[in-house]
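Structural overview for review
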Amino acid sequence: MTHASPAAKRLSLALTIFLLAPLALVAQADKSPKVRLSRAQSRDAVAPAASLAADKGTFRILLDGQPVGSEEFEIAQDGRDWQARATSQITTADGTTTQVKGTLRLAADGSPLRYEWSTQGEKKAGAQVSFQNGVASATLLLENSQPFEQQFTFDSPRIVILDNNLYHHYAILARLYDWSARGAQTFPVLIPQEMTPG
């Protein structure tokens with residue numbers, strides 16, 4: 001029988017708190033009125049409306065309790081859709097600084113419509129991902145390389161983007177969670193920067 005080290009237990013607890021704390025805050029902050037649909041309306045509904053909300057701020061990025069960067073983000077309504085933008089600056093122990101930018105366009109129900117990311121540092125890379133009916137079509141752009149295209153198919157159009165070093169995506173996930181239903185809920189997830197080879 002193996003036992004987790006104290007450091008592993010602290011890391012596990014810290015990750016649990018990190019991932020659940022925004023969800024708890026959103027649950028407490030969400031005082032918006034709830035709308036009940038009649039049976040006829042619920043038959044016609046494609047997906048439940050997300051409880052998206054405008055937000056803007058800065059996250060400090062810590063590694064072993066030490067600051068290594070920050071993320072500035074803004075989530076705002078744009079016509080009928082929503083747009084989330086962010087820029088993260090991260091400096092590694094050797095002094096290398098990397099900048100990651102992301103822009104996510106969402107439908108009113110929280111389904112992604114388009115996502116773009118770019119990174120600049122030792123390597124430059126980026127991608128453009130468009131979404132339609134549960135299919136994500138991605139074009140990966142690597143420095144000094146031809147564009148690479150991929151498609152990913154999901155069971156639902158309500159795909160959650162949780163990209164590397166862009167932590168405001170967790171705030172969006174917290175808004176997609178159905179707090180009235182509670183309990184475990186499953187979301188298809190795409191991590192676009194994980195598509196990058198090497």
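About the criteria used
Residues numbered from 1 in each chain as written. Predicted model: local features only at pLDDT ≥ 70, side-chain atom pairs only at ≥ 80, totals over all residues. Heavy atoms only, no water. Core = buried A, V, L, I, M, F, W, Y, C linked by side-chain atoms within 4.5 Å. Buried < 20%, exposed > 50% of the residue type's maximum accessible area, 1.4 Å probe, protein only. Helix = DSSP H or I, 4+ residues; strand = E, 2+ residues; numbered from the N terminus. Contact = heavy atoms within 4.5 Å. pLDDT = per-residue confidence, 0-100. Phe/Tyr/Trp six-rings, centres within 6.5 Å; stacked < 30°, edge-to-face > 60°. Salt bridge = Lys/Arg side-chain N within 4 Å of Asp/Glu carboxyl O. Polar contact = N/O pair within 3.5 Å; in protein donor to acceptor, adjacent residues only side chain to side chain. Pairing = 2+ DSSP bridges.

1. Concerning the nonpolar core
By size, the foremost hydrophobic cluster in this structure holds 29 residues, and its most contacted members are Leu104, Tyr115, Val129, Phe131, Ile172 and Leu190. Of all the secondary structure elements, the ones that give two or more residues to this core are strand 2 (66-78), strand 3 (81-91), strand 4 (97-106), strand 5 (112-120), strand 6 (125-132), strand 7 (135-142), strand 9 (160-161) and helix 3 (168-176). The element that contributes the greatest number of residues to this core is strand 6, accounting for four residues. What Leu190 contacts, discounting residues up to four positions off in sequence, is Val129, Phe131, Ala136, Phe152, Phe154, Ile159, Val160, Ile161 and Leu162.

2. Some remarks on the confidence of the model for the protein
In the predicted model, the protein carries a mean pLDDT of 79, and the fraction of residues at 70 or more is 73%. Mean pLDDT across the elements of the protein bottoms out in helix 2 (residues 39-44) (35) and peaks in strand 3 (97). Note on residues 1-47: pLDDT is under 50 here. Beyond four places in sequence and across chains, it has 20 contacts.

3. Quick notes on the packing of aromatic side chains
All told, the structure shown has two aromatic pairs when counted by the stated rule. Their ring planes at 10 degrees and their centres at 4.9 Å tell us that Phe59 and Phe73 sit as a pair that is stacked. With a gap of 14 residues between them, Phe59 in strand 1 (residues 55-63) and Phe73 in strand 2 connect regions that are remote in the sequence. Accessibility expressed as a relative area gives 31% for Phe59, which makes it partly exposed. Between the aromatic rings of Tyr177 and Trp179, the centroid separation amounts to 4.5 Å while the plane-to-plane angle is 65 degrees, which identifies the pairing as edge-to-face.

4. Digging into the pattern of salt bridges
Pairs can form between side chains of opposite charge once their charged atoms are near each other. Applying the stated rule across the entire model yields three salt bridges. A salt bridge links Asp81 to Arg105, with the shortest nitrogen-to-oxygen separation between them at 3.5 Å. On the criterion of sequence distance, the pair formed by Asp81 in strand 3 and Arg105 in strand 4 is long-range, its members being 24 residues apart. Exposure remark for Arg105: the relative accessible area of 23% places this residue in the partly exposed category. Notably, a salt bridge pairs Glu116 with Arg114, separated by 2.9 Å at the nearest N-O pair. With relative accessibility at 34%, the residue Glu116 sits in the partly exposed group. Of the residues examined, Arg114 reaches a relative accessible area of 34% and is grouped as partly exposed. A network of salt bridges, in which partner residues are shared, links Asp78, Asp81 and Arg105.

5. Observations concerning the side chain of Gln83
With respect to the secondary-structure elements, Gln83 resides in strand 3. Engagement of the side chain of Gln83 in a polar contact is seen with the side chain of Arg105, the distance being 2.9 Å. Contacts of Gln83, omitting those with residues within four sequence positions, involve Glu74, Ile75, Ala76, Asp78, Thr103, Leu104 and Arg105.

6. A closer look at the pairing of strand 7
In this structure, strand 6 lies alongside strand 7, joined through eight bridges in antiparallel fashion. Of the residues in strand 7, the one forming a bridge with Ala127 is Leu140. Counted between consecutive antiparallel strands, the loop separating strand 6 from strand 7 contains two residues, among which Asn133 sits at a positive phi close to 50 degrees. In this sheet, strand 8 (residues 148-153) lies alongside strand 7 in antiparallel orientation, the contact comprising six bridges. The residue bridging Leu140 from the neighbouring strand is Phe148, located in strand 8. The hairpin turn running from strand 7 into strand 8, its antiparallel successor, is five residues long, and Asn144 in that turn takes a positive phi close to 60 degrees.

7. Some words on the side chain of Ser88
The residue Ser88 is located in strand 3 in this model. Separated by 2.6 Å, the side chain of Ser88 and the backbone oxygen of Asn165 make a polar contact. Residues in contact with Ser88, not counting those within four places in the same chain, are Ile61, Ser70, Glu71, Thr98, Gln99, Val100, Asn165 and Leu166.

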